[in-house]
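Architecture and fold: a report
Each chain, written out:
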Amino acid sequence: MDPFVQQLAELCRTHVTRAKWVFVPSHAIGRTLGERIALSGTSWLNLRFMTPLDLALRMGAPFLVERGIDPSEEGVGPALIMRLLLDLPRKGGYFRPLADQPSMAQALWTTIRELRMAGVRSADLSEDAFGSPAKHAELRALLAAYETFLLQTRRGDMAADYEEAVKHPDWCPVKPGDCWTELPDVGWAPLQRSLLELIPGERITPRTLSVPGATIPRRLSD
């Protein structure tokens, strides 16, 4: 049996009535873990599977709504990014000549989302990190245009939900008497990790396989 699945089964048997939280990247993974534990013979399954985004919305969304900011990502995405890109000056563009490529909008949206989930804003993008000055200039301008769009339309995105959530730790549904753990070997984004670090209660270190000679990926080294 998977060491983590076995660990969760043991928690269910040891702490029958105690609230136990498991943070997973998606609800599908949580359902799969629950099914595996149940099929392994555990008759009492008292686990609460939750994604970090679920936690961020419960802790931060009410305060965004109170300020008139829509916490959902409705209206943002690849289509918006492509529209913002086409609104940028044509001269000297790095991505603009590739605007007709079907995957360009999705690639740029993924990049901007990852930058924001790392807490990076347009002013933080240093030219030294880019091999092409044109690429740096256009990506910075695109990120700035996206930030302006969110501000002017009073919209939030996933990064805004996390940034607001960490300001309200008292709204965390996990209580000091609860215990919680997380799916091992997940490369959480910096804003996700910052929120998880605020969770009260007893943190259970997830159990994983030990593979002799295996090298830990750099993204998981911390």
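Let's shift gears to the overall build of the chain. Counting secondary structure elements, the chain contains eight helices and four strands. Listed by position from the N terminus, the elements making up the chain come as α-β-α-β-α-α-α-α-α-β-α-β. Counting all 222 residues of the chain, 42% fall into the buried class. Accessible surface computed for the chain: about 12,400 Å², of which carbon and sulfur atoms make up 54%. Averaging the locations of the 26 positively and 27 negatively charged side chains of the chain gives two centres separated by 1 Å.

Turning next to the packing of helix 1 (residues 3-14) against helix 2 (residues 27-39). Contact geometry of helix 1 with helix 2 gives a least axis separation of 10 Å together with a crossing angle of 70 degrees. Judged by the angle between their axes, helix 1 and helix 2 are roughly perpendicular. Here helix 1 and helix 2 pass one another in a crossing that is right-handed. Residues Phe4, Val5, Leu8 and Ala9 of helix 1 pack against Leu33, Arg36 and Ile37 of helix 2. Residue classes in the contact of helix 1 with helix 2 are distributed as six nonpolar, no polar and one charged.

Right, let's talk about the side chain of Lys20 for a bit. The residue Lys20 is located in strand 1 (residues 20-23) in this model. In this structure, Lys20 is buried with no salt-bridge partner, the nearest side chain bearing the opposite charge being Asp178 at 9.2 Å. At 2.6 Å, the side chain of Lys20 and the backbone oxygen of His15 are in polar contact. Among the polar contacts listed, one links the side chain of Lys20 to the backbone oxygen of Arg18, at a separation of 2.8 Å. The residues contacting Lys20, other than those within four sequence positions of it, are Leu11, Cys12, His15, Asn46, Leu47, Arg48 and Cys179.

Let us now look at the confidence of the model for the chain. Per-residue pLDDT for the chain has a mean of 89; in total, 93% of the residues score no lower than 70. Looking across the chain, the model is least confident in helix 4 (residues 78-87), with a mean pLDDT of 90, and most confident in helix 8 (residues 190-196), with 97.

All right, on to the packing of aromatic side chains then. Centre distance and the angle of the planes are the two values used to describe a pair of aromatic rings. Under the definition given, this model contains four aromatic pairs. Note on Phe63 and Trp171: the rings are 4.9 Å apart at their centroids and 70 degrees apart in plane angle, and the pair reads as edge-to-face. In this pair, Phe63 sits in helix 3 (residues 52-66) while Trp171 sits in the loop between helix 7 (158-165) and strand 3 (179-182), placing the two residues 108 residues apart along the sequence. Note on Trp171: relative accessible area 43%, which makes it partly exposed. Relative to Phe95, the ring of Tyr94 has its centre 5.0 Å away and its plane inclined at 80 degrees; by these criteria the two rings are edge-to-face.

Backbone hydrogen bonds are what pair the strands of a sheet, in a parallel or an antiparallel way. Strand order across the open sheet formed by four strands is 2-1-3-4, with parallel pairing between neighbours. What marks the edges here is a single partner per strand, and that holds for strand 2 (48-50) and strand 4 (202-203). Pairing geometry for strand 1 and strand 3, over four bridges, is parallel. For Lys20, the partnering residue across the bridge sits in strand 3 and is Cys179. On top of the sheet, helix 1 reaches strand 1, strand 2 and strand 3; it is set at about 160 degrees to strand 1, its chief contact.

How each quantity is defined
Residues numbered from 1 in each chain as written. Predicted model: local features only at pLDDT ≥ 70, side-chain atom pairs only at ≥ 80, totals over all residues. Heavy atoms only, no water. Helix = DSSP H or I, 4+ residues; strand = E, 2+ residues; numbered from the N terminus. Buried < 20%, exposed > 50% of the residue type's maximum accessible area, 1.4 Å probe, protein only. Areas by Shrake-Rupley, 256 points an atom, 1.4 Å probe, with all protein chains shown as cover. Lys, Arg positive; Asp, Glu negative; His and termini not counted. Charge placed at Lys NZ, Arg CZ, Asp CG, Glu CD. Axes fitted to C-alpha atoms, helices over the stretch in contact; angles between N-to-C directions. Parallel < 35°, antiparallel > 145°, perpendicular 65-115°, else oblique. Left-handed = near helix turned anticlockwise from the far one by under 90°. Contact = heavy atoms within 4.5 Å. Nonpolar A, V, L, I, M, F, W, Y, C, P; charged D, E, K, R; others polar. Salt bridge = Lys/Arg side-chain N within 4 Å of Asp/Glu carboxyl O. Polar contact = N/O pair within 3.5 Å; in protein donor to acceptor, adjacent residues only side chain to side chain. pLDDT = per-residue confidence, 0-100. Phe/Tyr/Trp six-rings, centres within 6.5 Å; stacked < 30°, edge-to-face > 60°. Pairing = 2+ DSSP bridges.

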